[in-house]
Amino acid sequence: MLDLEKMLAAERGNLPSLAESYINPAFVKVLRLLGFDKRYLRAQGAYLFDDQGNQIIDCLAGYGTFACGRNHPVIRQALQQAMNLDLPNLLHMGIASLSGLLARELVSVAPGDLETVFFTNSGSEGVETALKYARVATGRPRIVHCDKSFHGLTLGALSVNGHGIFRDGFGPLLPAVGTVPYNDLESLERELSRGDVAGFIVEPIQGEGVYMPDDDYLAEALELCRKHGVIFIADEVQTGLGRTGKMFACEHWGIEPDILISAKALSGGYVPAGAVLSKRWIHKKVFSSLERSVVHSSTFSENDLAMAAGLATLHVLKTEKLVENAARMGERLAAGLREIGAKYEMFREVRGKGLLLGLEFQSPKSMSLKMGWNLLHKLDASLFCQVMLIPLLHEHHVLAQVAGHHIDVIKLIPTLVVNEADIDHLIHAFDQVIAASHRFPGPLWDLGKRFAGTAFGNVA
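Everything quoted here is computed from the prediction, not taken from an experiment. (Residues numbered from 1 in each chain as written. Predicted model: local features only at pLDDT ≥ 70, side-chain atom pairs only at ≥ 80, totals over all residues. Heavy atoms only, no water.)

Visitor: Teacher, can you tell me more about the sheet that holds strand S12 (residues 356-361) here?
Guide: Pairing between the strands of a sheet comes from backbone hydrogen bonds, and it takes one of two forms, parallel or antiparallel. Read from one edge to the other, the open sheet built from 4 strands follows the order S11-S12-S15-S14, with strand pairing classed as antiparallel. Two strands bound the open sheet, and with one partner strand each, they are strand S11 (347-353) and strand S14 (401-402). Looking at chain direction, S14 and strand S15 (residues 409-412) are connected through 2 bridges and run antiparallel. Bridge pairing links Val 402 to Ile 410 in S15. (Pairing = 2+ DSSP bridges. Helix = DSSP H or I, 4+ residues; strand = E, 2+ residues; numbered from the N terminus.)

Structure below.
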């Protein structure tokens, strides 16, 4: 038998060099520069544990994958059961064992009259599916998305990605794609009124930057889609399955989309899984005849382990009341961060819902701090927040991320199993780190200068 435990014990010290040699040397270099190349030995619930015995609150959570916490025993047990059953997996010419069960459960918790499900392996694949569905359902070519959007990095998904840094070098992308500003209904109506738009794809809350919709934006955008015969596609890859304190973020604004894309948390963190929920009339347009019954498919769609993980994830979300916990803990965290933030001139705001929060910072007014701010931003527009994340990890044992490129926003997406003690620790940790950032010269600014000099070679 393959002894993974023995293999890991023998090779753990070589893992960085293996990643550097065979996977992504640039990323390994970034991790080293930031001091994020920790050796993590295990993970459980809301925490990571490193080889120094530190317990670290995971506010990255696999980009939101670990809604139920890392290595949840109920999800693991469901996967073990599925393997022990020796199910006839991936029949392709036969009825799958578990996919109908998961589809029924998803439809039962989805907003509106979404009645059909296509299973995918990722959010990006779900976006690709939704774009195809919208085109065939309407007979129109164009897709409209918002600036600053993030819908994935495969070619079709990249074509509706609102960030140039991800698109650069990979063109030409899909034709017939239009971009409108987020929260701009007039621009959206101008695009839709052209009569050639198949679908409008939108994140209820934009993940890159954690940008919020105006109170009436999503509802009126939906009405515009109805008016012009356009498919409204809600990308809930990250916001879905409890992340925002509702099962789906659309529910905060009473939105009933034509297509809803879910992924990330559906996997339980074990097996890649995603789902595209759609109205039945759209589904019938895609699979419109016996001959077209497999016109859209994927080799690993409906695989039994992914379906078992999805069923167990929904079970855990419900029985452990994690959606409700996300709402409570999110309110506690946002309120606490706003309270401490009011003390600091570089703190701008906290925004988001549930446990999807963004902390934005702003240019200071005092001359000494402005000098430091301008120095870091001249080197890199994201450097200020990134420098704050280093002591946050090493001194306060909190793992988090910058919310996007060239913005002063830190993003917090912890697991939905965090408790009050975790939240209070996060608030205290940010209070300490933000306080340090308001001393110039000071250790945080010195760290930024050293890091910039190493990373960019333009600071002595």
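Read on for the rest.
Visitor: How should I be thinking about empty space enclosed by the protein in this particular structure?
Guide: Unfilled space is identified by rolling a water-sized probe across the atoms. What the rule picks out here adds up to 1 cavity of 30 Å³ or more. By volume, the largest cavity amounts to about 40 Å³. Around the largest cavity, the lining residues are Gly 64, Ala 67, Val 237, Gln 238, Gly 240, Leu 241, Gly 242, Arg 243, Lys 264, Ala 265 and Leu 416. Its residues assigned to classes, the lining of the largest cavity comprises 5 nonpolar, 4 polar and 2 charged. (1 Å grid on protein atoms, 1.4 Å probe; cavity = no way out; pocket = protein on both sides within 12 Å on 5 of 7 lines; lining within 4 Å. Points joined across faces, edges and corners; volume = space filled by probe spheres on them. Nonpolar A, V, L, I, M, F, W, Y, C, P; charged D, E, K, R; others polar.)

Visitor: Help me understand the layout of surface pockets in this model?
Guide: If you add up the space inside the second largest pocket, you get close to 710 Å³. Contributing to the lining of the second largest pocket are 26 residues, with Phe 118, Ser 293, His 296, Ser 301 and Glu 302 lying nearest its centre. Contributing elements (two or more residues each) for the lining of the second largest pocket: helix H6 (99-109) and strand S4 (116-120). Class assignment of the residues belonging to the lining of the second largest pocket gives a composition of 13 nonpolar, 11 polar and 2 charged.

Visitor: Explain the sheet that holds strand S8 (residues 231-235) here, please?
Guide: The strand order across the open sheet built from 7 strands is S4-S10-S9-S8-S7-S5-S6, with neighbouring strands paired in mixed fashion. Two strands in the sheet have a free side with no partner beyond their single neighbour: S4 and strand S6 (177-180). Taking each pair of neighbouring strands and ignoring which way they run, the sheet shows an average axis angle of 20 degrees. Pairing of S8 with strand S9 (residues 259-262), which is carried by 3 bridges, proceeds in the parallel orientation. Along S9, the bridge assignment pairs Ala 234 with Leu 260. (Axes fitted to C-alpha atoms, helices over the stretch in contact; angles between N-to-C directions.)

Visitor: Whenever I open this one, the packing of helix H14 (residues 322-341) against helix H17 (residues 420-437) confuses me. Can you help?
Guide: Describing two packed helices takes the angle between their axes plus the distance from one axis to the other. Look at H14 against H17: their axes get within 10 Å of each other, and the N-to-C directions meet at 20 degrees. When the interaxial angle is binned, H14 and H17 end up roughly parallel. Of the two possible hands of crossing, H14 and H17 adopt the one that is right-handed. Between H14, through Met 329, Arg 332, Leu 333, Gly 336, Leu 337 and Ile 340, and H17, the contact on the second element is made entirely by Glu 420, Ile 423, Asp 424, Leu 426, Ile 427, Phe 430, Asp 431 and Ile 434. When its residues are assigned to classes, the contact of H14 with H17 shows 9 nonpolar, 1 polar and 4 charged. (Parallel < 35°, antiparallel > 145°, perpendicular 65-115°, else oblique. Left-handed = near helix turned anticlockwise from the far one by under 90°. Contact = heavy atoms within 4.5 Å.)

Visitor: Which parts of the structure should I look at to understand the state of the cysteines?
Guide: Note on terminology: disulfide describes a covalent bond linking the sulfur atoms of two cysteines. One pass over the full model with this rule turns up 0 disulfides. Not part of a disulfide, Cys 225 finds its nearest cysteine sulfur in Cys 146, a span of 10 Å. Assessed through its relative accessible area of 0%, Cys 225 is described here as buried. (Disulfide = S-S within 2.5 Å. Buried < 20%, exposed > 50% of the residue type's maximum accessible area, 1.4 Å probe, protein only.)

Visitor: Help me understand the nonpolar core in this model?
Guide: Nonpolar side chains tend to gather and get buried jointly when the protein is soluble and globular. Ranked by size, the top nonpolar core spans 90 residues in total, and within it Leu 106, Phe 361, Phe 384, Ile 410, Leu 412 and Phe 430 carry the most contacts. When residues no more than four places from it in sequence are discounted, the contact partners of Ile 410 are Leu 357, Gly 358, Leu 359, Phe 361, Cys 385, Met 388, Leu 389, Ala 400, Gln 401, Ala 403 and Phe 430. Val 144, Leu 188, Val 197 and Val 202 belong to the second largest nonpolar core, which has 30 residues in total. (Core = buried A, V, L, I, M, F, W, Y, C linked by side-chain atoms within 4.5 Å.)

Visitor: Would you take a moment to explain the packing of aromatic side chains for this structure?
Guide: Note on aromatic pairs: each is described by the distance of the centres and the angle between the planes. Inspection of the entire model under this criterion finds 8 aromatic pairs. With a centroid separation of 5.4 Å and 65 degrees between ring planes, the pair formed by Tyr 182 and Tyr 217 is classed as edge-to-face. One end of the pair, Tyr 182, is in the loop between S6 and helix H10 (185-192); the other, Tyr 217, is in helix H11 (residues 217-228), with 35 residues separating them in the sequence. With a relative accessible area of 1%, Tyr 217 lands in the buried category. Note on Trp 373 and Phe 384: the rings are 5.0 Å apart at their centroids and 50 degrees apart in plane angle, and the pair reads as tilted. Here the residue Trp 373 occupies a position in helix H15 (residues 367-379), and Phe 384 occupies one in helix H16 (residues 383-394), the gap between them amounting to 11 residues. The class of Trp 373 is buried, set by a relative accessible area of 7%. A residue is classified by how much of its surface remains accessible, and Phe 384, at 2% relative accessible area, is buried. (Phe/Tyr/Trp six-rings, centres within 6.5 Å; stacked < 30°, edge-to-face > 60°.)

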